[in-house]
Amino acid sequence: MTTGMNFWDADVWSFVLTLALLFTAMIAANVLRRVVPFIRKALIPSSVLGGFRLLLANAIARWAFDHPLFTPGVLEILTYHGLGLGFAALALRNTPKKTDGRSRTGAFDAGVTVVNGYLLQAVLGLLVTIGLYYTIHSFYASGLLLPMGYGQGPGQAYNWGHTYEMQWGFENGTSFGLAVAAMGFVSASVGGVIYLNWLRRKGIYKGSLGEDVQETVTLSTFTGENEVPISESMDKFTIQLALVFLAYALSYLFMRGVNTLLDPAGTGAKGILGTIQGMIWGFQFLFSTVFGMLIKAVMRLLRTKGIMHREYTNNFLQNRIAGFMFDLMVVASIAAIDLSAFTDHRFVLPLSIISVAGAFGTYFYLRFVCRRVFPWYEHEAFLSLYG
């Protein structure tokens, strides 16, 4: 029995060609960073720059040929899954325990600082958008997307923007969330470069800014003690990918089970249950992290019992997988923005004001906090938390 599919059908190639466009945009952006000193010193990631280039190219294709370069739905799916898969890879890493007392308190202080930053961004965003709701009738809760985009990246901003659009009637909510996240990347780059140049003028920072840096690597960088060989019956990288997708599949099964409890008929839960249903699927990255940690704990238990004799997770490869997923998520999220939404002042005005408020509010909040909470590495703490 055949499916009637031909290899030359557009559906056979559309997903692969979309990936090719995303990767080509990132490579072109990386080349541009290397040949244009101003862009290189701006420290804008290639994935961000590639996303904006692809967004512009798609707008030109629509205008010139009346046909987009890709289907926005594919990019939205990549944005959604890139976040969950990236966090699963991070959860599977083996991180050494720190015994230094200062590092433990520093981690706690950093966590509190980040959470307070989210709260500040949420308050700033809501103050702006509630005010605009009574003046231009924009969506009153869109300000809550500020901490999602500026603090947690395009994956979360997409998740909640999409939820607002589907369940609460926020027109162009998906593009609003993605645009906030894109402005977050720009703000982080611009703010970080301004701060580094200020440190240079003060003589505090004497390092390079955008210049090539030579890395020193050893064998321990790529492999740990008692790990599986690089290639035997199953390639080492394949094992890492299998573990990541297993964690993600388990998180899907868990969310599907909760979804069945909330909505047994499968017609879409209403009211508060519908909100909870959206939250469950919006926090897929959290569940993939939990199941990644569970898989790691099970393998550790099996090694302790002598059932498993090798270490199957590899930090270097899991970092590379996470980096790949996040790069793909970022370039896809920016390219997925619907530029037609920018013709609506109820979209542009809230976006512009909360983006500026978020950038300045976060900048001065972290300057105030880092000087007092992290006095022994004030500048490093600011750059890492702001960026």
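These remarks concern the structure in this document. (Residues numbered from 1 in each chain as written. Predicted model: local features only at pLDDT ≥ 70, side-chain atom pairs only at ≥ 80, totals over all residues. Heavy atoms only, no water.)

1. Regarding the pattern of salt bridges
And then number 1: For the coordinates displayed, the defined rule picks out three salt bridges.
And then number 2: Between Asp-344 and Arg-346 there is a salt bridge, and its shortest N-O distance comes to 3.5 Å. (Salt bridge = Lys/Arg side-chain N within 4 Å of Asp/Glu carboxyl O.)

2. Observations regarding a nonpolar patch on the surface
And then number 1: Taken together, the side chains of Ile-130, Tyr-133, Tyr-134, Tyr-140 and Trp-168 define a hydrophobic patch exposed on the protein surface, amounting to about 570 Å² of accessible area.
And then number 2: Checked against the element boundaries, Tyr-140 lands in the loop between α5 (101–133) and α6 (145–152).
And then number 3: Taking relative accessible area as the criterion, Tyr-140 reaches 40% and is therefore assigned partly exposed. (Patch = residues over 30% accessible without salt bridge, like charges linked within 9 Å, V, L, I, M, F, W, Y side chains within 5 Å. Areas by Shrake-Rupley, 256 points an atom, 1.4 Å probe, with all protein chains shown as cover. Helix = DSSP H or I, 4+ residues; strand = E, 2+ residues; numbered from the N terminus. Buried < 20%, exposed > 50% of the residue type's maximum accessible area, 1.4 Å probe, protein only.)

3. Considerations on the environment of Phe-170
And then number 1: Along the chain, Phe-170 turns up in the loop between α7 (154–168) and α8 (173–201).
And then number 2: For the pair formed by Phe-170 and Ser-142, sequence separation is 28 residues and the distance between their alpha carbons is 8.2 Å.
And then number 3: Beyond its immediate chain neighbours, meaning those up to four positions away, Phe-170 contacts Phe-139, Ser-142, Leu-145, Tyr-164, Glu-165 and Phe-176. (Contact = heavy atoms within 4.5 Å.)

4. So, unusual backbone geometry
And then number 1: Look at Asp-66: it is not a glycine, yet its phi comes out positive at around 55°.
And then number 2: Relative to the assigned elements, Asp-66 resides in the loop between α3 (46–65) and α4 (72–91).
And then number 3: The exposed category is assigned to Asp-66, whose relative accessible area is 69%.
And then number 4: Positive phi outside glycine occurs at His-137, with the angle close to 60°.
And then number 5: When you line up the elements, His-137 lands in the loop between α5 and α6.
And then number 6: By relative accessible area, His-137 is classed as exposed at 59%.

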